[in-house]
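# Observations on the model geometry
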Amino acid sequence: MAEYQKFEHDVLVIGAGGAGLRAAIEASAAGVKTGLVCKSLLGKAHTVMAEGGIAAALGTVNSADSWKVHFADTMRGGQYVNNWRMAELHAKEAPTCVRELEAWGAVFDRTREGDILQRNFGGHRYPRLAHVGDRTGLEMIRTLQDHGIHQGIDVHMECTIISLLKEGDRVVGAFGYDRQRGLFRLFQAKAIVLATGGVGRAYRITSNSWEYTGDGQALAYNAGADLMDMEFVQFHPTGMIWPPSVAGILVTEGVRGEGGVLRNSKGRRFMFDDIPEAYRHQTADNEEEGWRYCQGDKQARRPPELLTRDHVARCIVREVKEGRGSPHGGVFLDISWIKERIPNAPEHIKKKLPSMYHQFKQLADLDITVEPMEVGPTTHYMMGGIRVHPETQMSTVPGLFAAGEAGCGLHGANRLGGNSLSDLLVFGKRAGKFAAAFAKEHSSGTINTDQVDSIARWALEPFERGARSNDAEGPYQIQYELQVKMQELVGIVRAEAELLMGLEEVARLQRRARAVTVQGNREYNGGWHTALDLSNLLTVSEAIARSALERRESRGGHFRDDYPNKDKAFGEFNIIVRRGPGGEMKVLRENIPPMPAELKQIIEEQQK
Amino acid sequence: MTSATFSIWRGAAGEGKLFRYTTEISEGMVVLDAVHKIQAEQANDMAVRWNCKAGKCGSCSAEINGIPRLMCMTRLNQLPLEKPVTIEPMKSFPSIKDLVTDVSWNFQVKKQIKKFKPRPPDAPDGSWRMHQEDVDRVQEFRKCIECFLCQDVCHVLREHHKHEEFIGPRFFVYVAALEMHPLDTENRVEELAKAKGIGYCNITKCCTKVCPESITITDNAIIPLKERVVDEFYDPIKRLFRKFRR
């Protein structure tokens, strides 16, 4: 019999970034006993890394903005494979969610009239991102944290969940361990919200921290829930590339929003060379107009640096491939040039982009007010994830909900910058609300102790293998090889032969992971934690590769060298990944439901 | 490739010692990179807390050659590498294992501070109006990443262990952000004087020096709070006034 400490909650939220915190606040406000599990300490989740802002059609800077424009921008950015109902709800509800943060103490940058200031961002037609300099994510998570701690939520810090527990079809609990002592914990819950974020750690170059190992996606998949759109991984166009130890750290799109330009080694602003048809009428065709746009001229069109992330990332890859890259294999991002246009440019840059200034000064010995930065694409965000009901956020498993990056549907094939923070708020809130409602309508289930025992045994096996053999393989090498292979074979530019090789590599690494060994004891043992996370990383890596193989076209974040064009037929469905009865991974196609006429009309109007 | 030697404190619950590890280093590496390399290649079970690796989450606080710093923002080329680089856990908090300390006290302290209480909205749509110049100071305080390095360096906590009577620089900054928030209507001055121990601070500014976010903790947060406490509790006229009110 496994030894564990037992906790009982009505709603258990797994993950304590923006979506998890927002869900926990909403659930506890509905009067149910709420538990919140964080893999790290409270307030350290990756939401702190979000820099640019929260997209919401508040219309404080340009009153022409409305939910309709935001909806159309989101659908276009996602290349129309988004869940249109989620995109509609998101655009309608985001403004209220931003105002709510202000009521809880958030201090956004202000307009001259004293309202919330909004900034320009890629793919958004109007200035739409409520922000605090370039540390908006920190402001958001701190506001939610400081509000949440007074709501009576039970917080379990530094705790990792390794399996969900089911009774019949329904989820009834979760099993994991506390990272500090290494002891098992069992959580009985009537409803569970997964808000565990992304999968960035599957790749070598990523802006994500150690936590993002696809836990939520793998937990849900293993519990029988559908995953969707797993082929759509966002590679953010601008990550740091030099020095090597900081490669992947994000350089906010806000740099381009403030007037930063991309140049190749010839000094050319190459983004003017390839402007997609769908964006041509809204994109500046000369440098002068682009600059006026960044200065707030409402008549001017946006510079091509602010096209969607998938497109900018591919243009950078092209420049490097064709020999016009920077010395360390990227391109130049220059904000210092604005000194030709405005007085006091260095002060202005430090005020508008303080963390970027700080980050480059400290990590790369580079002053961004004087010199251009070297940047290149970095694995940033998972558009795909757990398939959910657009309104309630419930997955295909009763009682199991998902929100934020762990969920999917809102962003389609490509996420617009700023739509992630608003996603966390809108759907975190909805998940919390509907999970609480589900918990009120259902009684506690029964925990299957045999299932618990077998999970506990599985979790401790690496120690037993380690005790038997001192020189067997530890987890770090396997994780490293997976990251290298995924980057190489299932990265920004994909092709069938490479994807098949990628799948073989994943299978080979899965076999090695089953024999992984761990040394030492259970207390705060990084090796053990990595060994257990490996199985999730491998599951999501397989799902990404299989889905990418199935989508024989190029769309948004998914680019196939062997099928470089968009194919209308592939715009009709989403790709689903499901666990088969024998434990094998099945890939299916699910038709996108027809869009109501009034939403179609909005999109048509906005295309004009 | 050159190599460097690191002397890392390893042990649990306060019992332990420095272990030496030599590893290869490359251009641009920070202390956290070296620790990760040692963990992956020589000491799989080493405990180290980290998260964003970009100076934004405040998880990887430690004492590097005796100075409280973030491991992810300390570059090796800023350190003398001819002798071993010493890396130890923070000393103001109980040790758990290796470089990881128990910082839960900070979370308990925060919970006891009265929460934000805004005035009624200014506009019919439920929103407020605030001007940038009125929020600049509060935004400075809200840059805090809760790395707790200021708590670690503060002698009131580090040497005198006044954790029961003194909330430390981090939470003076937190209270200052609330008290100077243009919308807030709560009053936290009395508890600052009585339960939060602001009087223990003798403004040596050690906290300001170690803050990775360059928040002017002493001058902008603690001193103005001390002034509010003095105004309210030690001003002779107000004192007299309070006496009559009773």
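Fair warning: this is a prediction, and the values are worked out from it, not measured in the lab.

Regarding its fold elements, chain B presents ten helices and seven strands. Dimensions of chain B along its principal axes, counting C-alpha atoms only, are 70 × 45 × 25 Å. Going through the 246 residues of chain B one by one, you find that 46% of them count as buried.

Check the secondary structure of chain A and you find 17 helices and 20 strands. Computed over C-alpha atoms, the radius of gyration of chain A comes to 23 Å, within 12% of the 25 Å expected from 2.2 N^0.38 for 608 residues, which places it in the range of a compact globule. When the backbone C-alpha atoms are referred to their principal axes, chain A occupies close to 70 × 50 × 50 Å. Across the 608 residues that make up chain A, the buried fraction comes to 62%. Nonlocal contacts in chain A, meaning residues at least 24 apart in sequence, comprise 74% of its contacts between residues at least 6 apart.

One finds Ile192(A), Val193(A), Leu194(A), Phe401(A) and Ala435(A) to be the most contacted residues of the largest nonpolar core, which totals 251 residues. Top contributing element to this core by residue count: helix 16 (residues 526–550) of chain A, with twelve residues.

Quick look at the sheet that holds strand 20 (residues 585–591) of chain A now. Two modes of strand pairing occur in sheets, parallel and antiparallel, and in both the strands are linked by backbone hydrogen bonds. All names here are of chain A. Judged by pairing direction, the sheet is antiparallel, and its four strands sit side by side in the order 15-10-19-20 without closing on themselves. The sheet is open, and its two edges are formed by strand 15 (385–386) and strand 20, each paired on a single side. As judged from the two bridges shared by strand 10 (residues 227–228) and strand 15, these two strands associate in the antiparallel manner. By the bridge assignment, leucine 227 is partnered in strand 15 with isoleucine 386. In this fold helix 16 packs onto strand 10, strand 19 (573–579) and strand 20, with an angle of close to 50 degrees to the strand it touches most, strand 20.

Right, let's get into the domain arrangement of chain A. By a widespread convention, an interface's size corresponds to the accessible area lost as its parts come together. Residue and element names in this part refer to chain A. Examined at the domain level, chain A breaks down into domain 1 (239–377) and domain 2 (449–564). Its C-alpha centre places domain 1 at a distance of 34 Å from the equivalent point of domain 2. When its residues are assigned to classes, the side of domain 1 that touches domain 2 shows three nonpolar, no polar and two charged.

Glancing now at the sheet that holds strand 5 (residues 129–130) of chain A. Pairing is antiparallel in the open sheet, where three strands are placed in the order 3-5-4 (chain A). The outermost strands of the open sheet, each flanked by one partner alone, are strand 3 (54–55) and strand 4 (118–119) of chain A.

Residue and element names in this part refer to chain A. The topology assignment puts tyrosine 212 in the loop between strand 9 (184–194) and helix 5 (215–222). Here the alpha-carbon distance between tyrosine 212 and alanine 406, two residues 194 residues apart in the chain, equals 10.0 Å. Beyond its immediate stretch of four places on either side in the chain, tyrosine 212 contacts His46, Gly197, Gly198, Val199, Gly200 and Arg201.

Conventions and cut-offs
- Residues numbered from 1 in each chain as written.
- Chains lettered and ligands numbered in written order.
- Predicted model: local features only at pLDDT ≥ 70, side-chain atom pairs only at ≥ 80, totals over all residues.
- Helix = DSSP H or I, 4+ residues; strand = E, 2+ residues; numbered from the N terminus.
- Buried ≥ 20, exposed ≤ 12 C-beta atoms within 10 Å, placed from the backbone.
- Rg over C-alpha atoms; globule rule 2.2 N^0.38 Å.
- Contact = placed C-beta atoms within 7 Å.
- Core = buried A, V, L, I, M, F, W, Y, C linked by C-beta atoms within 7 Å.
- Pairing = 2+ DSSP bridges.
- Axes fitted to C-alpha atoms, helices over the stretch in contact; angles between N-to-C directions.
- Domains from an automatic or database assignment.
- Nonpolar A, V, L, I, M, F, W, Y, C, P; charged D, E, K, R; others polar.

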